[in-house]
Amino acid sequence: MSPAVSVPFAIASRAVRTAVRAAERPIVRIDVRRCVWRMRLRAERLRFFAGIGANDTRCLNISVLPMSIARASAIMIVTLVASRVLGWLRLSVIGAHFGETPELDAFWAAFKIPDAIFGLVVAGALASAFIPVFTSYLAREREDEAWHVASSVMNAVLLLLVGFSIVMWIAAPYVVPTFVAPFHDPKQIALTVDLTRLMLLSPIFMGLSSLTTGILNSYRQFLSSATAPLVYNLVIILFTQFGYPVLGIHAVAIGVVVGALVMWLVQLPELTFRRTRYSFALDLSHSGVRDVLRLAGPRTLALGAVQIVFFVDTYLAVGMPEGSLTALVYANQLLLLPLGVFSIAISAAVFPTLSHYASLGQVGRMRDTVQQAIRWILFLTLPTAIVMIVLRRPIVNLLFQYGSFGPEARELTQAAFLYYSLGLAGHALVQILARVYFASRDTTTPLALTLISIGSNVVLSVTLAPVLGINGLALANSIATLLEAALLFILLASRARLRLVGLGVSTLKQLSASLLMGVAMFGFIRVTNLPFDLFVDPPKLVLALQTILAAAVGGLVYLAAAYLMQIGELQEIFAVIRARVMRKPQP
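About the thresholds
Within every chain, residues take consecutive numbers counted from 1 along the sequence as written. For a predicted model such as this one, the threshold for reporting local features is a pLDDT of at least 70, and the threshold for listing and counting side-chain atom pairs is 80 or more; totals across whole chains, interfaces and linings nevertheless cover every residue. Side-chain measures were taken over the full set of non-hydrogen atoms in the model, leaving aside hydrogen atoms and water. Each reported salt bridge corresponds to a side-chain nitrogen of Lys or Arg within 4 Å of a carboxyl oxygen of Asp or Glu. Strands here mean DSSP runs of E at least two residues long; helices mean DSSP runs of H or I at least four residues long; both are numbered from the N terminus. Residue burial is assigned from relative accessible area. The probe radius is 1.4 Å, only protein chains are included, and a residue is buried under 20% of its type maximum, exposed over 50%, and partly exposed in between. Note on contacts: a residue pair is in contact if any heavy atoms of the two residues lie within 4.5 Å. The nonpolar core is taken to be a set of buried Ala, Val, Leu, Ile, Met, Phe, Trp, Tyr and Cys residues, with the residues joined through side-chain atoms within 4.5 Å. Side-chain rings of Phe, Tyr and Trp, where Trp is taken by its six-membered ring, are said to pair if the distance between their centres is within 6.5 Å; with planes under 30 degrees apart they count as stacked, over 60 as edge-to-face, and otherwise as tilted. The criterion is that NZ of a Lys, or CZ of an Arg, lies within 6 Å of the ring centre and within 35 degrees of the ring normal, and then a charge sits over that ring.

**Q** Now, about the pattern of salt bridges: what can you tell me, with residues and values included?
**A** One pass over the full model with this rule turns up four salt bridges. The residue Glu145 makes a salt bridge to Arg142 at a minimum N-O spacing of 2.7 Å. A salt bridge links Arg410 to Glu411, with the nearest nitrogen and oxygen atoms 2.9 Å apart. One continuous salt-bridge network, built from bridges that share partners, spans Arg393, Arg410 and Glu411.

**Q** Please provide a residue-by-residue account of the environment of Leu91, values included.
**A** Position of Leu91 relative to the elements: it lies in helix H3 (residues 69-98). Given the relative accessible area of 3%, Leu91 is considered buried. Sequence-wise, Leu91 and Ile236 are 145 residues apart; in three dimensions their C-alpha atoms are separated by 9.6 Å. Excluding residues that lie within four positions of it along the chain, Leu91 makes contacts with Trp108, Tyr330, Gln333 and Phe400.

**Q** Give me the nonpolar core: which residues, what numbers.
**A** Ranked by internal contacts, the top residues of the largest apolar core, which has 140 residues, are Phe107, Phe134 and Ile215. At 18 residues, helix H4 (residues 102-139) tops the list of elements feeding residues into this core. Ignoring any residue separated from it by four or fewer positions in sequence, one finds Phe107 in contact with Leu195, Met199, Ile249, Val252, Ala253 and Val256.

**Q** Can you lay out the packing of aromatic side chains for me, pointing to particular residues and giving the numbers?
**A** Counted under the stated rule, the structure contains twelve aromatic pairs. Measuring from centroid to centroid gives 5.0 Å for Phe107 and Trp108, while their planes differ by 70°, and the two rings are edge-to-face. The same class applies to Phe107 and to Trp108, which are both buried. Ring centres 5.6 Å apart and planes at 45° place the aromatic pair Phe379 and Tyr558 in the tilted group. Pair noted here: Phe379 is in helix H13 (residues 363-390) and Tyr558 is in helix H20 (residues 540-564), with a separation of 179 residues, a long-range link. The pair formed by Phe379 and Tyr558 is uniform in burial state, with each residue classed as buried. The residue whose ring lies beneath Arg197 is Trp169, and the NZ or CZ to ring-centre distance is 4.1 Å. Geometry around Tyr402 places Lys540 over its ring, the cationic atom sitting 4.5 Å from the centre.

Quick look at the structure:
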């Protein structure tokens with residue numbers, strides 16, 4: 001038996017022996033043998049045991065954490081990689097058909113209002129309140145009560161989403177030209193209002209999908225919830241590709257609504273498999289529901305303040321040359337590709353575990369989990385940021401420069417992408433650090449720091465936009481996000497007693513290896529550019545080959561530097577590989 005299996009199985013064996021001594025009936029011993037057999041089959045998945053009841057003659061009431069953080073992160077990363085690929089394809093298809101047209105600017109402006117409704121009503125409740133409360137009931141084996149709380153929260157959220165959508169449908173002709181998109185062309189304003197009204201159905205379905213995801217993640221079930229965004233992107237691609245000749249830009253908006261609906265429907269089978277106990281309850285007086293409302297309040301305010309940044313950036317970009325808003329949106333979405341693959345995946349996988357440890361008061365395990373997540377996020381995002389900075393122009397060319405998306409749009413997008421890339425590490429750290437506070441049911445501190453960050457972002461945007469254009473908006477976002485991550489970390493370090501020396505040394509090593517990687521890629525690009533100086537715009541195949549080889553050279557340099565500097569995360573990868581290779585089959 002390998003060490004990875006023997007340790008949890010030894011713990012399980014001691015737990016079983018203790019329970020057998022406490023209950024001396026023969027039938028108990030038979031059921032103990034059954035439990036041991038089941039634990040042998042799942043030994044690699046056992047993490048810890050809690051709440052062993054001596055009089056439980058069926059399975060000793062062993063509480064099992066069914067999926068490790070590493071496996072959950074792996075599932076999230078694999079599915080999110082596929083989702084981000086489809087996300088790139090979605091943007092590429094939309095850009096190829098519409099390019100820097102007023103219609104596409106109108107679509108992105110119209111998308112802001114439904115997205116803001118979803119962020120205000122659902123995102124705050126899910127991230128900061130619902131999962132910790134729901135998980136705490138599961139950890140204490142009060143599953144029926146957990147579902148009563150979940151049903152009440154889901155019904156309340158659904159009513160709020162429908163109410164907000166109806167109000168905004170009525171107010172759209174007044175809100176859009178005043179606060180969202182002050183276009184000069186009345187036809188463009190009318191189109192923005194029409195698209196806004198059409199997409200107001202999407203936050204309702206997105207809200208149901210997100211709450212379903214929260215329930216499944218609380219059960220440590222990540223597969224269907226992680227694949228839901230794949231379906232969302234695929235539906236938008238299909239509607240755009242086949243619907244635009246007849247419906248124009250409306251095909252994209254319809255795809256957003258249908259994609260949100262299908263995103264929820266694909267998760268229902270797995271939710272039903274969890275013995276769903278949904279009811280039409282609306283028990284707002286229940287203590288669990290009150291906890292969700294209390295914890296969600298500060299986070300909702302924070303996300304509402306974040307929407308101010310989006311609206312300010314949209315308002316400023318609309319007044320710039322045509323296509324500026326589209327370029328800003330594309331650069332921001334390109335930033336989300338690596339952010340979603342690494343940091344969001346790891347943070348989403350870690351969050352239920354942090355909530356579980358917090359509900360049981362296991363502070364030491366929380367600290368170790370947080371430090372491990374921080375190291376892994378920086379190990380992955382720092383070199384990714386360097387790749388984005390050095391290879392930004394060929395990346396934008398290969399991903400988006402097709403059809404109506406021409407060289408001018410490429411240059412606008414790649415410049416904004418450069419300034420967004422500077423804040424990638426900040427975005428990644430905020431994802432995990434904020435969740436530590438949420439798991440501990442502290443939503444006030446992240447709210448205060450988010451407000452500071454947002455205030456800084458707005459001031460910087462207004463100051464830098466007249467000088468740098470959309471690049472100033474991207475730079476303002478990066479500076480504000482890095483500030484928020486620094487403040488979150490500084491306050492958490494003392495509260496969680498993080499090992500700062502170890503984290504500092506690890507971060508310096510990762511940063512040094514990433515910089516060496518950047519130098520290697522820059523040198524490779526400069527050398528290989530010499531034969532292609534005759535091409536004003538090199539062929540896609542040549543550019544793709546050069547970009548892939550440059551990234552491969554950089555990756556090899558990063559791994560070599562990480563090996564020489566003895567970076568712990570790389571050593572952990574080697575240890576896992578060696579364990580897998582050297583593992584002998586069980587007789």
